[in-house]
Each structure stands twice: as C-alpha cells, then as structure tokens.
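The chain contents come next:
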Amino acid sequence: MRIDKAETAKNGSADAAKPARGHVHEHVLSYMRRGLMVGAFLPGQVMSLRKLAAGFGTSPMPVREVLSRLVAANALEETKGGSVRVPRLGPEKLSDLFAVREMLEGMATELAAKKATPALISQLTAINKQLLVAIDKRDILNCLSYNQKFHFTVYEAADSEVLMPLIESLWLQFGPTMYMSLLIPSMPWNASDHEDILAALKDGNAAAAKKGIVHDIRTTCKALLSVAGSQGIELPFAQGPELQFDY
C-alpha cells in the first residue's frame, strides 16, 4: 500500500486542530459562564462579538457558538435587532428565581452540613476571610468572586449530581444582578450569614446551616426588589467601573 505523506501530514494537522478548537470553545464558555454567575456582566449589557473575540484572541466563531448556547440556557437573550445581551430581570422573575434558589440551595446546604468535614470547614473559613478582606477594601469584583466561591464550595460538598446543574442554571440567570446588590444602601454586605453557616457546620447543625443560606438568599432578593422597576434594574442605578474578569 502506498502512503501519501503529504496527505497524512494534512490529515494529521486537521486532527490536531480539532482539540485546539474544542479547547478554545470550552475556555470561552467557562469564562462567560463564570462571568455571568459572579456578576461580572451587567443586566442589559450587550455582548460585543468583536470585543469578546479580540479579548480571547480568537475568531468570532467560537464566541458566537458560546453566545448561542447561553441564549438557549436563558442566561442571555437575543434582541429584535439580532444582538445578544444580558437580560434585565423584572420583579416577578427575580422573585421566582430566588424562591427556587431557597429550595435548591437550602437543600444542598442541608446535605452538605450532614457530610461536613474539618477540611471543608477550613476551606470555607479561608474563602470567607478573603471575602471579608475584599469587602473591607471595597473590591467589588473580588467580593462577587469570593461570595460565589463560598456558596458553590458548600453546594458541591452536598455531592449531588442533580442539584449542582440546577443551581448553576439559576446563578447564570440571576448572577448579573449581584453587582447591583453591592450598590444598594440597604444591602448588608458583611458576610454575617456566612459566619452563621460556618458556625452551624462546625456544630453539625444541618437545619441551622440551611436557615443561614436561606436568610442570605432572601436578604439579597429583598434588596434587589427594592430597586427593581417593572423592566428590571436599570443600568443608571449601577454606575460603576467597566468590569474586566481575568481567569
């Protein structure tokens, strides 16, 4: 059998390119998902295909594919003009999302508390200390990041393959409002609920841990509803620096 070396090299290059393209796609998806969950993108913000592609150092194609996936997941929405933006959540949608959060995240916290280990409590304590430092410095982006990290570390400890995808879906939808919550005067960003959760985990009190997470969620929802108009929280309320999220 005659082997065409040129053709083999060509096919080899094509095969090698497939994982590379897949890696770029997953990197873009991971960035966008995390950015939405922590609040690095704001409600109403239009996703510029050109700017995102330039930021990732890639062609527009993988970015376009990721945006389409996030639209399908209800994390982004397509406008009549064809652009893609972060949805503005009205009071009814906010209330609905946070009510479901209370149920699912409360359940996950209760399960995690029953399995809590000294290592988990130590990890959560370290994360919360980083959050408190960020709060003290008024470092908004790190406040958002460490808050999300604290919550997800708790939920992942529940070790539920069913709960985590559902919780992630909720965070993709409401996450962009979290930046707004830091600017509301009535919002007590002091991580006191996290301290209560940690105390409950140390005591092995699953009910108290669940109560702490539910109170945390409910307090945030109440603050957001206090400034949400019929069309959601408007950008003028959340004047702030342009966010850049590095991973």
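Here the structure is a predicted model, which means the values were calculated and not measured.

1. Focus: the nonpolar core
Counting residues in hydrophobic clusters, the biggest one holds 74 residues, and the most contacted among them are M32, M47 and Y155. Counting contributing residues per domain, this core is built from domain 1 (5–85) and domain 2 (91–230), each supplying no fewer than three. If near-sequence neighbours (up to four positions away) are discounted, M47 is found in contact with M32, F41, L52, L67, L76, V84, R85 and V86.

2. Here we look at the pattern of salt bridges
Taken as a whole and judged by the stated rule, the model has five salt bridges. With its nearest N and O atoms 2.7 Å apart, the salt bridge here joins R85 to E77. For E105, the salt bridge is made with R101, and the minimal N-O distance between the two is 2.7 Å. Placement of both E105 and R101 in helix 4 (residues 91–115) is noted, with a separation of four residues, approximately one turn of the helix. By relative accessible area, which is 0% here, E105 ends up buried.

3. Let's talk about unusual backbone geometry
A positive phi angle, near 65 degrees, is found at N74, a position not held by glycine. We note that A191 has phi near 60 degrees; this positive angle belongs to a residue other than glycine. Looking at where A191 falls in the secondary structure, it is placed in the loop between helix 8 (178–181) and helix 9 (192–203).

4. Brief notes about helix 7 (residues 163–174)
Quick reminder: α-helices carry 3.6 residues per turn. Residues three or four places apart thus point the same way. The end-to-end C-alpha distance of helix 7 is 17 Å, a good match for the 16 Å that twelve residues give at a rise of 1.5 Å each. Every buried residue of helix 7 is listed here: L163, M164, I167, L170, W171, L172, Q173 and F174.

5. As for the side chain of E105
Within the structure, the side chain of E105 is placed 2.7 Å from the side chain of R101, a separation counted as a polar contact. If near-sequence neighbours (up to four positions away) are discounted, E105 is found in contact with H151, Y155, I167, W171, I213 and I217.

6. Brief notes about the confidence of the model for the protein
When pLDDT is averaged along the protein, the result is 86, and 85% of the positions lie at 70 or above. Predicted confidence for residues 1–19 stays below pLDDT 50, and this span has one contact to residues more than four positions away or in other chains.

7. Thoughts on the packing of aromatic side chains
Using the criterion set out here, one finds six aromatic pairs in the structure. Summarising the aromatic geometry, the rings of F152 and Y155 are spaced 6.2 Å apart at their centres and angled 55 degrees between planes, so their arrangement reads as tilted. Here the residue F152 and the residue Y155 both occupy positions in helix 6 (residues 140–156), the gap between them amounting to three residues, near one helical turn. Each member of the pair, F152 together with Y155, is buried. With 5.1 Å between their ring centres and 85 degrees between their planes, F152 and W171 make a pair best called edge-to-face.

8. Quick look at helix 2 (residues 49–56)
Buried residues of helix 2: L52, A53 and F56, and no others. Along the long axis of helix 2, the arc covered by the buried residues comes to 100 degrees, so they all point the same way. Set apart from the buried face of helix 2 by more than 90 degrees, the exposed residues are R50, K51, A54 and G55.

Reading guide: rules and limits
- Residues numbered from 1 in each chain as written.
- Predicted model: local features only at pLDDT ≥ 70, side-chain atom pairs only at ≥ 80, totals over all residues.
- Heavy atoms only, no water.
- Core = buried A, V, L, I, M, F, W, Y, C linked by side-chain atoms within 4.5 Å.
- Buried < 20%, exposed > 50% of the residue type's maximum accessible area, 1.4 Å probe, protein only.
- Domains from an automatic or database assignment.
- Contact = heavy atoms within 4.5 Å.
- Salt bridge = Lys/Arg side-chain N within 4 Å of Asp/Glu carboxyl O.
- Helix = DSSP H or I, 4+ residues; strand = E, 2+ residues; numbered from the N terminus.
- Expected span 1.5 Å × (residues − 1).
- Polar contact = N/O pair within 3.5 Å; in protein donor to acceptor, adjacent residues only side chain to side chain.
- pLDDT = per-residue confidence, 0-100.
- Phe/Tyr/Trp six-rings, centres within 6.5 Å; stacked < 30°, edge-to-face > 60°.
- Arc of directions from axis to C-beta.

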